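Chain and residue survey
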Amino acid sequence: MAGSEVKVLGTWASPFALRIHIALGIKSVTYEWVEENLEAKSQLLLESNPINKQVPVLIHHHKPICESLAILQYIDEAWPSAPSILPSDPYHRAVARFWAAYIDHKWFTWLKGVASAEGAEAKKAALDQVREGLVVVEEAFGKCSKGKDFFSGDRIGYLDIVLGCFLGWLYVAEKRNDVKLLDEEKMPGLAAWAIKFCLDGAVKDVMPDKDELLDYANMVFQAMAKAKLNAPPNN
Amino acid sequence: MADEIILLDLWASMLGMRVRVALAEKGLKYEYREQDLRNKSPLLLEMNPVHKKIPVLIHNGKPICESLIIVQYIDEVWYNKSPLLPSDPYQRAQARFWADYTDKLNAKSLYELGRQLWLTKGEEQETAKKGFMECLKLLEGELGDKPYFGGENFGFLDVALVTFSCWFFAYESFGNFSVEAECPKLVAWSKRCMEKESVSSSLEDPLKIHGFVIMMRKELGAE
């Protein structure tokens, strides 16, 4: 199948775009990656995702699919041969979708909250919330993995991808705030899982280098801080 | 062995109604248990310890939470009657995208915007109204000239959205606007959906919802 039939619009730093890299890798699908500049979005991106104008977008046979979780499920259904990404049992699928929603809507919002928290007390509260969320997910990991390496069992799947894509940004938050969030003592299951996830064949070649991500984050936050200082006062 | 299905719900919840519509579409018998969210039952806390919210479906003792996840679960388990998601992966992705849009809206869900419509005043209310109508207009655009969001057949996205229609009267009264004036196609679609038994038996009377909102506003000190 020609590579140009499958296109992914993404950015190297986007955890959501990383999900698509990993999923297509699991399915051994050849694809063309289009690196977007979010400061100057391409016509293709604006046309493909007019509602959110965000990455990632998967374009398959010229038809766009948006929203990373919808894309993951699409990939699993459009390329149905093994290995599968979602569990086959409807109950386990519902559990996986539940935790994906928790991670995206609650936990990731808290992680973003660390960057926007101002003052030492607010920062500490934000970091504590991220850690507490991980403790909740640690329990979910125990139930889902049933003693195996990944949320999905022996191989990485939906929930592994959903959480695993944030490991780089979690590292960034740890380094920038000089704290440990993914704590081997409090979350032994997740700590071990994280190492195995990053080594997985579908992950290791596409996951951005975490120190490069840290440099990038430092640069972005510095620019944001400067812009704030230079911004005209509100009247 | 017969399936045991229990639904923990609140009568006025448009999110809970989604599950009721899906269960009715599949012709399933279930036990409805009304919840008091001011005094949460041990069962609710046990079945949804993370969010402690309704709706929760309990199927043969196992809980499923989050309304759209429950609807997909129902569709997947009872797949040979009235399929809600289309079979084509691309169309499924579209349905999921729009359902997700309604519930997330890059920050505020349609539910949250609607809540602010009847709970707040002044500028806050105006902002919520604007966001709410923008969402409805986009959804109307997505509907186009199709009879249902699912095309010829009532489907997943129809289930996700139709339950908001019994709340329109309440939103309009407190927000001082008309959904029909801004989105006539959407109102026509909601009436078409109401012709289905599964929808008319699951949605609540708009006047009762209006009364519920009056009560909630008093309770939350909005008066």
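Residues numbered from 1 in each chain as written. Chains lettered and ligands numbered in written order. Predicted model: local features only at pLDDT ≥ 70, side-chain atom pairs only at ≥ 80, totals over all residues. Heavy atoms only, no water.

**As for the environment of Lys29(B)**
Within the secondary structure, Lys29(B) sits in the loop between helix H1 (14-25) and strand E2 (31-34). In this structure, the C-alpha to C-alpha distance between Lys29(B) and Ile5(B), residues 24 residues apart in sequence, is 7.3 Å. (Helix = DSSP H or I, 4+ residues; strand = E, 2+ residues; numbered from the N terminus.)

**Observations regarding the pairing of strand E3 (residues 56-59) of chain B**
All names here are of chain B. Residues Val-56 and Ile-58 point to one face of E3 and Leu-57 and His-59 to the other, with burial holding for every one of them. Direction of pairing for strand E1 (residues 5-9) relative to E3: antiparallel, over a ladder of 4 bridges. Paired with Leu-8 across the strands is Val-56, a residue of E3. Where E3 meets strand E4 (residues 62-65), 4 bridges bridge the pair, whose relative direction is antiparallel. Of the residues in E4, the one forming a bridge with Ile-58 is Pro-63. Here E3 folds back onto E4, and the loop between the two strands holds 2 residues, one of which, Asn-60, carries a positive phi near 50 degrees. (Buried < 20%, exposed > 50% of the residue type's maximum accessible area, 1.4 Å probe, protein only. Pairing = 2+ DSSP bridges.)

**With respect to the interface of chain B and chain A**
Across the contact, 26 residues belong to chain B and 23 residues belong to chain A. Counting across the chain B and chain A interface gives 4 salt bridges. Across the pair Arg93(A) and Glu76(B) runs a salt bridge whose closest N-O atoms are separated by 2.9 Å. Applying the counting rule to chain B against chain A returns 8 residue pairs in polar contact (both at pLDDT 80 or more). Those elements that place two or more of their residues in the side of chain B that touches chain A are E4, helix H3 (67-77) and helix H4 (89-104) of chain B. For the side of chain B that touches chain A, the element with the most residues is H4(B), which contributes 11 residues. Of the residues that constitute the side of chain B that touches chain A, the class distribution is 14 nonpolar, 5 polar and 7 charged. (Contact = heavy atoms within 4.5 Å. Salt bridge = Lys/Arg side-chain N within 4 Å of Asp/Glu carboxyl O. Polar contact = N/O pair within 3.5 Å; in protein donor to acceptor, adjacent residues only side chain to side chain. Nonpolar A, V, L, I, M, F, W, Y, C, P; charged D, E, K, R; others polar.)

**Some words on the packing of helix H8 (residues 168-175) of chain B against helix H12 (residues 206-219) of chain B**
Residue and element names in this part refer to chain B. Contact pair H8 / H12: the axes reach a minimum separation of 8 Å and the direction vectors enclose 50 degrees. When the interaxial angle is binned, H8 and H12 end up oblique. Between H8 and H12 lies a crossing of right-handed hand. Within the contact between the two elements, H8 uses Phe-169, Ala-170, Ser-173 and Phe-174 and H12 uses Pro-206, Leu-207, Ile-209, His-210, Val-213, Ile-214 and Arg-217. Across the contact of H8 with H12, the residue classes break down as 8 nonpolar, 2 polar and 1 charged. (Axes fitted to C-alpha atoms, helices over the stretch in contact; angles between N-to-C directions. Parallel < 35°, antiparallel > 145°, perpendicular 65-115°, else oblique. Left-handed = near helix turned anticlockwise from the far one by under 90°.)

**Some points on the confidence of the model for chain B**
With 98% of its residues at a pLDDT of 70 or more, chain B has an overall mean of 94. Across the assembled chains, the prediction reports ipTM 0.94 with pTM 0.94. (pLDDT = per-residue confidence, 0-100.)

**Some words on the pattern of salt bridges**
This structure, assessed with the given rule, holds 26 salt bridges over all chains. As a salt-bridge pair, Arg33(B) and Glu31(B) come within 2.5 Å of each other at their nearest N and O atoms. Bridged by salt links that share partners, the residues Glu77(A), Arg92(B) and Arg96(B) form one connected network.

**A closer look at helix H10 (residues 184-194) of chain B**
One full turn of an α-helix is made of 3.6 residues, so residues set three or four places apart face in the same direction. All names here are of chain B. Where H10 is concerned, the buried positions are Leu-186, Val-187, Trp-189, Ser-190 and Cys-193. Around the axis of H10, the buried residues are gathered within 160 degrees of arc, so they sit on the same side. Against helix H6 (122-143), helix H7 (156-162), helix H9 (179-182) and helix H11 (197-200) lie the buried residues of H10. (Arc of directions from axis to C-beta.)

**Considering the sheet that holds E2(B)**
All names here are of chain B. Strand order in the open sheet formed by 4 strands is E2-E1-E3-E4, and the pairing between neighbours is mixed. With partners counted over all chains shown, the strands left at the sheet margins are E2 and E4, one partner each. Each adjacent strand pair in this sheet contributes to an overall mean axis angle of 20 degrees, direction not counted. Against the sheet, H1 engages E1, E2 and E3, with an angle of about 155 degrees to E1.

**Some details on the side chain of Glu77(A)**
Within the fold, Glu77(A) resides in helix H3 (residues 68-78). At a separation of 3.1 Å, a polar atom in the side chain of Glu77(A) contacts the side chain of Arg96(B). Those residues in contact with Glu77(A) that sit more than four places away from it in its chain are Pro89(B), Arg92(B) and Arg96(B).

**Description of the sheet that holds strand E4 (residues 63-66) of chain A**
The strands making up a sheet associate through backbone hydrogen bonding, with each pair oriented either parallel or antiparallel. Residue and element names in this part refer to chain A. Here 4 strands make up an open sheet; going across it, the order is E2-E1-E3-E4 and the pairing mixed. Each edge of the open sheet is held by one strand with a lone partner, namely strand E2 (32-35) and E4. In this sheet, adjacent strand axes meet at a mean angle of 20 degrees when their direction is disregarded. Pairing of strand E3 (residues 57-60) with E4 involves 4 bridges; the strand directions are antiparallel. Counted as the bridge partner of Val-57 is Cys-66 from E4.

**Remarks on the environment of Ala22(B)**
Residues and elements named next belong to chain B. Here Ala-22 is to be found in helix H1. Overall, the relative accessible area of 0% leaves Ala-22 in the buried class. Look past the residues within four positions of Ala-22 in its chain and what remains in contact with it is Val-71, Ile-74 and Leu-84.

**Observations concerning unusual backbone geometry**
With an omega dihedral of 0 degrees, the bond running from Val55(A) to Pro56(A) counts as a cis peptide bond. In this structure, Pro55(B) follows Ile54(B) across a cis peptide bond, with omega equal to -5 degrees. Note that Pro55(B) resides in the loop between helix H2 (42-47) and E3. Positive phi is not limited to glycine here, since Lys53(A) has a value of about 55 degrees. In this structure Lys53(A) comes out as partly exposed when scored by relative accessible area, which is 38%.

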